[in-house]
Amino acid sequence: NMGLPVLGICYGMQLACDAFGGKVESVSTREYGRAELTAHTTTALFQDTSAQQQVWMSHGDQISNIADDFETLAETSTCPFAAIKHRELPIYGLQFHPEVTHSPEGGTILRNFLINVFNCSPDTFSPETSGVLVSKLQRFAFSCRGTGWNSRAPGRASCKRYLRLQCRKSSGVKNLSGSDLCDQK
């Protein structure tokens with residue numbers, strides 16, 4: 001409702017999918033480690049990436065069914081909805097973690113989101129601004145570590161409170177959306 005593009009990573013993807021009528025369920029075996037991703041490279045998010053690429057998964061819950069408003073952008077052998085996109089709204093989701101070194105093409109995926117979806121100018125990117133983005137994503141991912149969709153652990157509630165707090169702060173939306181990087185000269 002804020003009119004900004006959204007990139008939900010891991011739990012964020014599950015949260016967005018659930019909000020639009022998808023289904024999130026616990027999986028019998030937690031997925032933690034490297035996975036081979038098959039990406040639809042003609043999409044804005046996976047432009048200039050390999051069709052087969054290594055990514056880092058870390059989840060015990062995953063999307064078992066997406067709403068009709070979404071389409072699949074990538075999958076793995078154990079995760080049929082590893083990346084999704086809303087058909088009309090600028091809402092994307094990744095079950096894997098593009099911000100870690102174990103996802104070698106993750107930086108390109110994040111850059112594609114900022115340039116192709118968020119409409120940032122490619123000229124605004126430098127090693128310094130890319131480092132700021134990765135640092136913010138890593139801090140955010142760490143703050144939500146140990147949470148899970150069906151978890152009753154305090155971490156899940158803390159993560160939801162953190163998300164609400166970030167969205168209430170005037171700079172919080174920028175921190176999560178990347179617009180602070182786009183505005184840099």
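Cut-off values and rules
- Residues numbered from 1 in each chain as written.
- Predicted model: local features only at pLDDT ≥ 70, side-chain atom pairs only at ≥ 80, totals over all residues.
- Heavy atoms only, no water.
- Pairing = 2+ DSSP bridges.
- Helix = DSSP H or I, 4+ residues; strand = E, 2+ residues; numbered from the N terminus.
- Core = buried A, V, L, I, M, F, W, Y, C linked by side-chain atoms within 4.5 Å.
- Buried < 20%, exposed > 50% of the residue type's maximum accessible area, 1.4 Å probe, protein only.
- Contact = heavy atoms within 4.5 Å.

> Describe the pairing of strand β2 (residues 23-39), and please don't skip the residues or the numbers.
The pairing of β2 with strand β3 (residues 52-65) spans 12 bridges and is classified as antiparallel. Each bridged residue has a counterpart across the sheet, and for valine 24 the counterpart in β3 is isoleucine 63. With 2 bridges joining them, β2 and strand β4 (residues 70-75) adopt antiparallel strand pairing. From the neighbouring strand, threonine 38 faces β4, where its bridge partner is glutamate 75.

> How would you summarise the nonpolar core if you had to cite specific residues and measurements?
By size, the foremost hydrophobic cluster in this structure holds 25 residues, and its most contacted members are Leu7, Leu37, Leu45, Phe46, Leu94, Phe96 and Phe113. Where this core is concerned, the elements lending two or more residues are β1 (6-9), β2, β3, β4, β6 (91-94) and α2 (106-117). No other element matches α2, which puts 5 residues into this core. In contact with leucine 45, not counting residues within four places along its chain, are Leu7, Leu73, Tyr92, Leu94, Ile109, Asn112 and Phe113. Formed by 11 residues, the second largest nonpolar core is a distinct cluster that contains Met13, Val24, Ala67 and Phe81.

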